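Fold and geometry: a report
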Amino acid sequence: MRAFVTGSTGLLGNNLVRLLIREGYEVKALARNRIKAEAMLGGTGAEIVVGDMGDVDAFAPALKGCDVLFHTAAYFREAFERKSEHWPMLQRINIDNTLRLFELAQRHEVGTVIHTSSNATIRKRTDGKASEESDVLLPSKAPTPYARSKILGDKAIAEYVSQTQLPVMTVLPAWMFGPGDAAPTSSGRFVLDYLNRRLQGVFDTGFDVVDARDVAAAMLAAVSKGKPGERYILAAHHTSLAELCQVLGRVTGVEEPKRSVSRPMIYTVAWFSQTMAALFGKETNLTVDSVRVLTMMHRTSSAKAALELGVQFRPLEATLRDTADWLRLDPKGS
Ligand SMILES: NC(=O)c1ccc[n+]([C@@H]2O[C@H](COP(=O)([O-])OP(=O)(O)OC[C@H]3O[C@@H](n4cnc5c(N)ncnc54)[C@H](OP(=O)(O)O)[C@@H]3O)[C@@H](O)[C@H]2O)c1
């Protein structure tokens, strides 16, 4: 089997490329930067295709001859960076050009598409049960512009699929952790902050997490077991900042922060943190948006992925240990 993987230098993408190659796939790996891709994937046997989702037509001929397209690239990290206006890029990369990629994949006779959305597109239920794939948020209720772009992207894909019958299966991961987080994403930055004792305290939170390697395995399983047009939430553990810190303390030997901060206080600190970051041109994980998402107490269910794809999740402890070990060895992803 031949696969085309977008976002191959990302947390999810590089773990997926490695898995596919281990499973005997020939892989074409899309990357914006050849040097970064060679540093990350050199030696895996993947063929690097240089291209940008900003111009899909330019790299689309490389889709020819591939059996499966795994689409993991997104305007994601940048969407949480200090910048006034992200919407034009969210619309272009996560909606319009994702659709264009799928159109060109179909034109080049790629038989199957596995797409990456997010469980941030799922609404919290009022009955207290874990939310399912059908609990889709209204775009106007999205917690962030990034989540809104993923909701609208999924809607555009569903319309395209209904018109063309292109077999697209979509995974909806929770907050992903894992080794190979070179950028790093927010989870890698959180673990680095933990390791460097930059976390001052914890606050009352509740959210889902998943290992990027388990998401990659689910995407592979979707090729043979997924049903066209179906969506699969991948949320391994419902957890909290306090639990993440306890587990990180156990697996890294770095003492966990003891201070507990009230919710009004953490919003004040987050506002201050994002204002100072904007003022001094720095990035921060601690923003009003991130506090809102972490304190939503949102729980999503992977029951469908377990039943239909046979997905299994590794223990949280293994995920955090491997994430921390990788970041300790390679904090810049070089
Ligand atoms: N991480 C999470 O917690 C999480 C949770 C739910 C869903 N997701 C979704 O999962 C997918 C993978 O995310 P990730 O965590 O692996 O993020 P990541 O580490 O930031 O990886 C994103 C990948 O997309 C590439 N990319 C970004 N813009 C591109 C463009 N214009 N053209 C070509 N490639 C581009 C990046 O390339 P560079 O290396 O050049 O930047 C990188 O390879 C995304 O669709 C994201 O929305 C992530």
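What comes next is a walk through the structure. None of the values given here were measured: they were computed from a predicted structure. (Residues numbered from 1 in each chain as written. Predicted model: local features only at pLDDT ≥ 70, side-chain atom pairs only at ≥ 80, totals over all residues. Heavy atoms only, no water.)

**A look at the overall build of the protein**
Within the protein, the secondary structure is distributed over 12 helices and 12 strands. By the compact-globule yardstick of 20 Å for 334 residues, the protein fits well, its C-alpha radius of gyration being 19 Å. Taken along its principal axes, the extent of the C-alpha atoms in the protein is 55 × 45 × 40 Å. Looking at the protein residue by residue over its 334 residues, the buried ones come to 54%. Pairs at least 24 residues apart make up 77% of the contacts formed inside the protein by residues separated by at least 6 positions. Surface accessibility of the protein: about 15300 Å² in total, with carbon and sulfur atoms responsible for 52%. (Helix = DSSP H or I, 4+ residues; strand = E, 2+ residues; numbered from the N terminus. Rg over C-alpha atoms; globule rule 2.2 N^0.38 Å. Buried < 20%, exposed > 50% of the residue type's maximum accessible area, 1.4 Å probe, protein only. Contact = heavy atoms within 4.5 Å. Areas by Shrake-Rupley, 256 points an atom, 1.4 Å probe, with all protein chains shown as cover.)

**Details of the site of the ligand**
Taken together, 26 residues form the shell around the ligand, and within it T9, K36, M53, R77 and Y146 come nearest. L11 is positioned such that a nitrogen or oxygen atom in its backbone is 2.9 Å from an oxygen atom of the ligand. A distance of 2.7 Å separates a nitrogen atom of the ligand from a polar atom in the backbone of M53. In isolation the ligand has 900 Å² of accessible area, and contact with the protein removes 96% of it. Listed by contribution, the elements that provide at least two residues to the shell around the ligand are α1 (11-22), α5 (145-164) and β7 (175-177). (Near = heavy atom within 4 Å. Polar contact = N/O pair within 3.5 Å; in protein donor to acceptor, adjacent residues only side chain to side chain.)

**Quick look at the packing of helix α8 (residues 241-252) against helix α12 (residues 316-329)**
Packed helices, taken two at a time, are described by their axes: the angle between them and the distance between them. Where α8 meets α12, the closest approach of the two axes is 9 Å, and the angle between their N-to-C directions is 65°. Here α8 and α12 pass one another in a crossing that is right-handed. Seen from α8, the contacting residues are E243, L244, V247, L248, R250, V251 and T252; seen from α12, they are L316, E317, L320, R321, A324 and R328. Class assignment of the residues belonging to the contact of α8 with α12 gives a composition of 7 nonpolar, 1 polar and 5 charged. (Axes fitted to C-alpha atoms, helices over the stretch in contact; angles between N-to-C directions. Left-handed = near helix turned anticlockwise from the far one by under 90°. Nonpolar A, V, L, I, M, F, W, Y, C, P; charged D, E, K, R; others polar.)

**Some thoughts on unusual backbone geometry**
The omega torsion of the bond from A183 to P184 falls at -15°, within 30 degrees of zero and hence cis. Tracing the backbone through its elements, the reader meets P184 in the loop between β7 and α6 (186-195). In this structure, Q165 takes a positive phi of about 65° despite not being glycine. Positionally, Q165 belongs in the loop between α5 and β6 (168-173).

These figures capture arrangement, not role.
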